Amino acid sequence: MEFTYYNPKSMQALVDTLQALQNYVILAGGTDLLVKMKEKLLRPMPQAVVDINGIEALREIREEGNSIMIGALVSHNELTKSALINKKAVVLAEAAELVGSPQIRNRGTVGGNICNASPAADTVPALLALGARVKVSYQDGFLEMPLAEVFKGPGRTCLAPGQFISCIKVNSLQADEGAAFLKFGKRKALAIAMINCAVWLKLDGDVISDVRIAFGSVAPTPIRLYELEKWLQGKPATSAVFAEAGLEAAQLIKPIDDIRCKASYRTRLARVIVYRSLVAAAERAQMRCSCE
Ligand SMILES: Cc1cc2nc3c(=O)[nH]c(=O)nc-3n(C[C@H](O)[C@H](O)[C@H](O)COP(=O)(O)OP(=O)(O)OC[C@H]3O[C@@H](n4cnc5c(N)ncnc54)[C@H](O)[C@@H]3O)c2cc1C
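Here we look at the sheet that holds strand β5 (residues 67-71)
For step 1, the next point in the chain: Read from one edge to the other, the open sheet built from 5 strands follows the order β4-β5-β10-β6-β7, with strand pairing classed as antiparallel. In this open sheet, the two strands that pair with only one neighbour each are β4 (61-64) and β7 (141-146). Across this sheet, the average inter-strand angle for adjacent strands is 25°, counted without regard to direction.
For step 2, the next point in the chain: As paired strands, β5 and strand β10 (residues 164-171) are joined by 5 bridges and run antiparallel to one another. Bridge pairing in β10 links Gly-71 to Cys-167.

Structure (structure tokens):
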């Protein structure tokens, strides 16, 4: 396969490069892209590959008020090791730690995980639970949008030609908040999720005052269960409520059969994973309340 290779070293050079090209792909860690190129799965085949690894500004993790800004090129390994992420967005470190193998986590990036738009992407439910917004950069500047709006279907995003994700902004966890990520795969390691789930919740005493629940591998894109979130708001954070939430979740999702498992099994897993994620998130919120 023949293509022209570009290696811009700044955001402006990247914007200018993309603007001048018609049929290109962006190369981050390459763990998804290179497989697709090798297997000739891209239609049309790209005439240009734009490698963004030379742009240091895309590798930053920094705190800004009550938010954490994560550059699109931050790798899964960097997420798992970051002191800031472990302190204020630990659910994301947990999700990143369950991606692929050490080699994949070393190369694979959070921006690539989003833009590959797999329904089973592991960092995406964690980001959705943290209320993530993405910064989309392009020739005229940038726009910011909720992460959920990026996904248009399996392998499809809303990004127009010339646009790329430069940064992801998540809310940092506060004293009365907790979050958890869980994944069921066919093996304990190097397995794409049969189902994954992330929960963030905020407690007011023993009552759930706010909650976000996100799922992967149960729909054409990663999803939030808004109906269940509404149902949980104002309810006590008890085991009985969490068990009922699991039953509700199993009724709300419409998964499909695929090579990893049957829809009926996913529905049963949904019940368990929602219950366990809620229990873990609530325990953490209670611990944070008493520690801070
Ligand atoms: C063996 C193996 C195991 C895996 N296991 C898992 C797993 O357990 N969980 C999981 O979630 N994923 C898994 N993956 C998928 C993959 O590793 C992740 O999705 C990874 O995060 C992709 O990031 P990347 O930087 O390698 O993306 P790339 O392959 O470089 O890019 C992926 C896509 O996103 C586009 N892109 C990348 N960055 C940007 C950007 N900033 N703006 C716009 N477009 C962009 C590229 O053009 C391409 O279309 C696995 C892959 C392999 C090969």
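After that view, the rundown keeps rolling.
Considerations on the environment of Asp-176
For step 1, the next point in the chain: Along the chain, the position of Asp-176 falls in the loop between β10 and β11 (177-184).
For step 2, the next point in the chain: By relative accessible area, Asp-176 is classed as partly exposed at 21%.
For step 3, the next point in the chain: In the structure, Asp-176 is positioned 29 residues away from Gly-205 in sequence and 8.6 Å away in space, judged by C-alpha atoms.

Concerning the site of the ligand
For step 1, the next point in the chain: If you check the shell around the ligand, you find 31 residues, and the closest are Ile-26, Gly-29, Thr-31, Asp-32 and Thr-109.
For step 2, the next point in the chain: Leu-33 is positioned with one of its backbone polar atoms (N or O) 2.7 Å from an oxygen atom of the ligand.
For step 3, the next point in the chain: Here the ligand has 990 Å² of accessible area as a free molecule, and 86% of this is covered by the chains.
For step 4, the next point in the chain: Broken down by secondary-structure element, the contributors of at least two residues to the shell around the ligand are β2 (24-27), α7 (110-115) and β10.
For step 5, the next point in the chain: Per-element tally for the shell around the ligand: the top contributor is α7, with 4 residues.
For step 6, the next point in the chain: Taken together, the residues that form the shell around the ligand break down as 17 nonpolar, 11 polar and 3 charged.

Some details on a nonpolar patch on the surface
For step 1, the next point in the chain: A cluster of nonpolar side chains, Met-1, Phe-3 and Tyr-5, forms an exposed patch at the surface whose accessible area comes to about 320 Å².
For step 2, the next point in the chain: Relative to the helices and strands, Tyr-5 resides in strand β1 (residues 4-6).

Comments concerning the packing of aromatic side chains
For step 1, the next point in the chain: All chains considered together, the criterion is met by 0 aromatic pairs.
For step 2, the next point in the chain: Lying across the ring of Phe-142, Lys-135 places its NZ or CZ 4.3 Å from the centre.
For step 3, the next point in the chain: Directly above the aromatic system of Trp-231 lies the positively charged group of Lys-235, at a separation of 4.2 Å from the ring centroid.

Some thoughts on helix α10 (residues 239-252)
For step 1, the next point in the chain: With 14 residues, α10 extends 20 Å between its outermost C-alpha atoms, agreeing within 8% with the 20 Å of an ideal straight helix rising 1.5 Å per residue.
For step 2, the next point in the chain: Considered for burial, the residues of α10 that qualify are Val-241, Phe-242, Ala-245, Gly-246, Ala-249 and Ala-250.

A word on the pairing of strand β6 (residues 133-138)
Every regular strand shows the same layout, with side chains that alternate between the two sheet faces.
For step 1, the next point in the chain: When β6 meets β7, the two strands line up antiparallel, connected through 6 bridges. Opposite Tyr-138, over in β7, you have Gly-141 as the bridge partner.
For step 2, the next point in the chain: The hairpin formed by β6 and β7 contains 2 residues between the paired strands.
For step 3, the next point in the chain: Of the strand pairs in this sheet, β6 and β10 are connected by 5 bridges, and their pairing is antiparallel. Considered in β10, the bridge of Ser-137 is made with Phe-164.

Overview of the nonpolar core
For step 1, the next point in the chain: Core analysis: the biggest nonpolar cluster contains 39 residues, and Ile-70, Ile-114, Leu-127, Val-134, Leu-147 and Ile-168 have the highest contact counts within it.
For step 2, the next point in the chain: When residues of this core are assigned to domains, at least three fall in each of domain 2 (60-171) and domain 3 (177-291).
For step 3, the next point in the chain: Among all residues touching Val-134, those that are not within four sequence positions of it are Ile-114, Leu-143, Glu-144, Met-145, Leu-147, Val-150, Ile-165, Cys-167 and Ile-168.
For step 4, the next point in the chain: Listed in part, the 30 residues of the second largest apolar core include Ala-180, Ile-208, Leu-232 and Ile-273.

So, the sheet that holds β2
For step 1, the next point in the chain: Strand order in the open sheet formed by 3 strands is β1-β3-β2, and the pairing between neighbours is parallel. Edge positions in the sheet fall to β1 and β2, since each of these pairs with one other strand and no more. Sheet twist, expressed as the average angle between the axes of neighbouring strands with direction ignored, equals 20°.
For step 2, the next point in the chain: Relative to the sheet, helix α1 (residues 11-20) contacts β1, β2 and β3 (48-51), its axis offset from that of β3 by approximately 170°.

Rules of the game
- Residues numbered from 1 in each chain as written.
- Predicted model: local features only at pLDDT ≥ 70, side-chain atom pairs only at ≥ 80, totals over all residues.
- Heavy atoms only, no water.
- Pairing = 2+ DSSP bridges.
- Helix = DSSP H or I, 4+ residues; strand = E, 2+ residues; numbered from the N terminus.
- Axes fitted to C-alpha atoms, helices over the stretch in contact; angles between N-to-C directions.
- Buried < 20%, exposed > 50% of the residue type's maximum accessible area, 1.4 Å probe, protein only.
- Near = heavy atom within 4 Å.
- Polar contact = N/O pair within 3.5 Å; in protein donor to acceptor, adjacent residues only side chain to side chain.
- Areas by Shrake-Rupley, 256 points an atom, 1.4 Å probe, with all protein chains shown as cover.
- Nonpolar A, V, L, I, M, F, W, Y, C, P; charged D, E, K, R; others polar.
- Patch = residues over 30% accessible without salt bridge, like charges linked within 9 Å, V, L, I, M, F, W, Y side chains within 5 Å.
- Salt bridge = Lys/Arg side-chain N within 4 Å of Asp/Glu carboxyl O.
- Phe/Tyr/Trp six-rings, centres within 6.5 Å; stacked < 30°, edge-to-face > 60°.
- Lys NZ or Arg CZ within 6 Å of the ring centre and 35° of its normal.
- Expected span 1.5 Å × (residues − 1).
- Core = buried A, V, L, I, M, F, W, Y, C linked by side-chain atoms within 4.5 Å.
- Domains from an automatic or database assignment.
- Contact = heavy atoms within 4.5 Å.

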